[in-house]
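If you want the building blocks of each chain, they are given just below.
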Amino acid sequence: MARLRSPDADPTRFYLDRIRAMSVRVTIPPTLRRLCGGEDQLRVQPGTVSDLLVQLQQRYNGVRERLCDEQGQIRGSVLVFVNDEDIRFLRHQQTELRPGDEVSIIPAFAGG
Amino acid sequence: MSQTQQGFMKALKCRECGREYPLAATHVCEFDFGPLEVAYDYERIRKVLTRESIQARPQNMWRYRELLPVAGEPTVGRQVGYTPLIKADRLARRLGIRELWVKNDAVNYPTLSFKDRVVSVALSRSVELGFKTVACASTGNLANSVAANAASAGLEAYVFIPHDLEQGKVINSLVYGARVIGIKGHYDEVNRLCAEIAGKYPWAFVNVNMRPYYAEGSKSMGFEIQEQLGWRIPEHTVVCMASGSLLTKIHKSYQEFSKLGIVHESSWKIHGAQATGCNPITMAQKAGLDFFKPQKPNTIAKSLAIGTPADGFYALRVMKETGGHGDDVTDDEIREGIRLLAECEGVFAETAGGVTVGVARKLIAQGRIPADSSAVLCITGNGLKTLDAVAGHVGETQEIRPSLREFEALIASDRTHGAAAVAGR
């Protein structure tokens, strides 16, 4: 891990690892990838799920209105998971995102 | 796309905002994540689909093919459907209702559940779109059907299931040579993983990217009910709910046949059934809400154990619009429902069928389905797949030596103790 590496040996790798450890990884669903410059994963700053939505919107204009209704609530057709747990079982949009957490945004799913 | 390339379909259309998309392997609106649904050219369908044209065709679900989303002739599951609609007089007396029918998809071809309907549509469409590999997230029945139908069509199949499924359902997928992947989690977690896999691998996931086509296959159950009732819509229909999709599609089948003049306009009520151990939709219905709270399932009705039902919102709307109700039953009531159906009608349903019978019984007792009315119960899967759920609850074998004397002693003891003793009850 980054801790064992010195910045002098490979500064790019060192700082990339630092950023990875300090940020939150977000998996973007195929539906949003075109809007998000083709990326399937993004890194954002820790905060809450609401802060995440603000950060995404700042980077890619239009993302927020696709994920949220007019009241700013995440749509029923959108599911957000933090470390594999549905945020509706956590603190909804107030769910805390800590460094190293993983977020998945996916469309609601059908039966089987 | 020309008419020959898309049959009677017009486009995929967002259920929320109405935006239209090409008829590709995609299931979500890019603007609001709303589910996409197939839109049809009803004017053209009206000209070719009549009672007479339907009756002239072979008895399978494809006799309604203009209302099913394939462009050309179906290539997978051509013998699926047209299961029996049984007039269930003995069960009607037990439940206290004038007229009762059982739509028996426990004997659907080839894998003994209604899922063969949705899979034959999804795979036929997958072949049209050029896919070679098909996949699904499943609580069991869908896995069985994808595995079997993919095998018969020469497609490669990956099925993802919760690791703790009933053994019958696991073996019923493995035997066809499908890759069966057990996920250490409940169905909602399996489904989430599949949504992520579907975003990465170019496969036809029948209930993810093929969902708009797949879901339409359920309508055939409703078309058959209407035809088998003598071209009429039942007053009451009781449907079990996992994601809630089947309930909404049965409703749609009644709407489409009315709109096309194939049946006379009449009013109908659609009631939803869930297990108490996983009742996000019926809990919301009973509380008068139009949204549900997700749950972590804990029920023997594993085929219905979806805690975050994708069509829950739409199922609630159908119940509300038609004046139907929702209710749920405990594990014991589910087993009781399975036994009632088996003892009265000779039909062995899986746990989901026990849910449907148990809830119908409740709704009739409450007067929500009036005693002087007529109802159809949708039985969606076969009891041989969920033996674990009823083992130890349906009596025991009585063993004797191959001796006439021992047999006669047994009969004599039954006569003394009443016939019920035979079954060990």
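Residues numbered from 1 in each chain as written. Chains lettered and ligands numbered in written order. Predicted model: local features only at pLDDT ≥ 70, side-chain atom pairs only at ≥ 80, totals over all residues.

Caption draft 1: Spatial organisation of unusual backbone geometry. All names here are of chain B. Geometrically, the link from Y109 to P110 is a cis peptide bond, its omega value of 0 degrees lying close to zero. Considering the arrangement of structural elements, one finds P110 in the loop between β5 (99–104) and α5 (115–128). One non-glycine residue, F33, lies in the positive phi region at around 65 degrees. With respect to the helices and strands, the residue F33 is situated in the loop between β2 (20–21) and β3 (36–40). For F33, a count of 24 C-beta atoms within 10 Å puts it in the buried group. Positive phi, normally seen in glycine, also occurs at W231, with a value near 55 degrees. When you line up the elements, W231 lands in the loop between α10 (219–228) and β10 (236–240). (Helix = DSSP H or I, 4+ residues; strand = E, 2+ residues; numbered from the N terminus. Buried ≥ 20, exposed ≤ 12 C-beta atoms within 10 Å, placed from the backbone.)

Caption draft 2: Main features of the interface of chain A and chain B. Of the residues lining the interface, 24 residues belong to chain A; the matching set on chain B comes to 32 residues. Across the side of chain A that touches chain B, the residue classes break down as 11 nonpolar, seven polar and six charged. (Contact = placed C-beta atoms within 7 Å. Nonpolar A, V, L, I, M, F, W, Y, C, P; charged D, E, K, R; others polar.)

Caption draft 3: Region of interest: the nonpolar core. Residue and element names in this part refer to chain B. Within the largest apolar cluster, 151 residues are counted, with the highest numbers of intra-cluster contacts made by V134, V146, V159 and L304. Counting residues per element, this core draws most heavily on helix α15 (residues 351–365), which supplies seven residues. Those residues in contact with V146, other than ones at most four positions away along the chain, are V119, V134, C136, A157, V159 and V206. (Core = buried A, V, L, I, M, F, W, Y, C linked by C-beta atoms within 7 Å.)

Caption draft 4: Just helix α17 (residues 404–417) of chain B, in detail. Compared with the 20 Å implied by 1.5 Å per residue over 14 residues, the 20 Å span of α17 of chain B between its first and last C-alpha is a close match. Sparse coverage of α17 of chain B is indicated by the burial of zero of its 14 residues. (Expected span 1.5 Å × (residues − 1).)

Caption draft 5: Representation of the sheet that holds β2 of chain B. The strand order across the open sheet formed by three strands is β2-β1-β3 (chain B), and the pairing between neighbours is antiparallel. Since the sheet does not close on itself, it has two edges, and those belong to β2 and β3 of chain B, each with one partner. (Pairing = 2+ DSSP bridges.)

Caption draft 6: Representation of the sheet that holds strand β1 (residues 24–27) of chain A. Residues and elements named next belong to chain A. The sheet built from five strands is open, its strands ordered β2-β1-β7-β4-β5 with mixed pairing. Sheet topology places β2 (41–44) and β5 (85–86) at the edges, where each strand pairs with a single neighbour. Where β1 lies against strand β7 (residues 102–107), three bridges are found, and the strand directions are parallel. Directly across from V26, in β7, lies its bridge partner V103.

Caption draft 7: Focus on the confidence of the model for chain B. Per-chain confidence: chain B averages 94 in pLDDT, with 97% of residues scoring 70 or above. Across the assembled chains, the prediction reports ipTM 0.77 with pTM 0.91. (pLDDT = per-residue confidence, 0-100.)

Caption draft 8: Focus on the packing of helix α11 (residues 245–259) of chain B against helix α13 (residues 312–322) of chain B. All names here are of chain B. Contact geometry of α11 with α13 gives a least axis separation of 8 Å together with a crossing angle of 45 degrees. With respect to α13, the element α11 is oriented oblique. For the crossing formed where α11 meets α13, the hand is left-handed. Touching L247, T248 and H251 of α11 are Y314, A315, V318 and T322, all from α13. (Axes fitted to C-alpha atoms, helices over the stretch in contact; angles between N-to-C directions. Parallel < 35°, antiparallel > 145°, perpendicular 65-115°, else oblique. Left-handed = near helix turned anticlockwise from the far one by under 90°.)

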